Amino acid sequence: MKLIKTKLKVNNYQKTILAKHAGVARHAYNWGLATCISDYELTKKRPSAITLHKRLVAEVKSINPWYYEVSKCALNKL
C-alpha cells in the first residue's frame, strides 16, 4: 500500500473559515452531548438525532448568531 501525504496551503481568510467551522462543530457536539446526558438522566431514553437537530435549531442557533457564519454542512456529521 502506498501512503500519500498532502498539506493544505491556506491563506489567512481560509484559516479563519476553517477555525469557525471547527468551533461551531465542537460547540454543537458538546451541546448535544450535554443534552443527551441530561435527557437520559431524566427519562432513561436517548433523544433521536432528528430531535436533537430540531432542538439545536430552536434553542441554540437563535441565541448564537455566529452559527450562521458557517455552512450548514459543519453540523451534518454530528
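Right above here is the structure, for reference.
Residues numbered from 1 in each chain as written. Predicted model: local features only at pLDDT ≥ 70, side-chain atom pairs only at ≥ 80, totals over all residues. Heavy atoms only, no water.

**Thoughts on the packing of aromatic side chains**
What the rule picks out here adds up to one aromatic pair. Measuring from centroid to centroid gives 4.9 Å for Trp 66 and Tyr 67, while their planes differ by 40°, and the two rings are tilted. Assessed through its relative accessible area of 33%, Trp 66 is described here as partly exposed. (Phe/Tyr/Trp six-rings, centres within 6.5 Å; stacked < 30°, edge-to-face > 60°. Buried < 20%, exposed > 50% of the residue type's maximum accessible area, 1.4 Å probe, protein only.)

**Looking at the side chain of Asp 39**
Topologically, Asp 39 is positioned in helix α1 (residues 12-43). For Asp 39, the side chain forms a polar contact with the side chain of Arg 55, separated by 2.7 Å. Once residues within four sequence positions are removed from consideration, Asp 39 is found in contact with Lys 44, Lys 45, Pro 47 and Arg 55. (Helix = DSSP H or I, 4+ residues; strand = E, 2+ residues; numbered from the N terminus. Polar contact = N/O pair within 3.5 Å; in protein donor to acceptor, adjacent residues only side chain to side chain. Contact = heavy atoms within 4.5 Å.)

**Quick look at unusual backbone geometry**
In this model, Lys 44 sits at a positive phi of 60°, which is unusual for a non-glycine residue. Here Lys 44 shows up in the loop between α1 and α2 (49-63). The exposed category is assigned to Lys 44, whose relative accessible area is 58%.

**Considerations on α2**
The end-to-end C-alpha separation of α2 is 21 Å, in line with the 21 Å expected for 15 residues at 1.5 Å each. Leu 56 marks the point of greatest bend in α2, at about 35°. Listed in full, the buried residues belonging to α2 are Leu 52, Leu 56, Val 60 and Lys 61. Considering only its buried residues, α2 is in contact with α1. (Expected span 1.5 Å × (residues − 1). Bend = angle between axes of the 7 residues up to and from the residue.)

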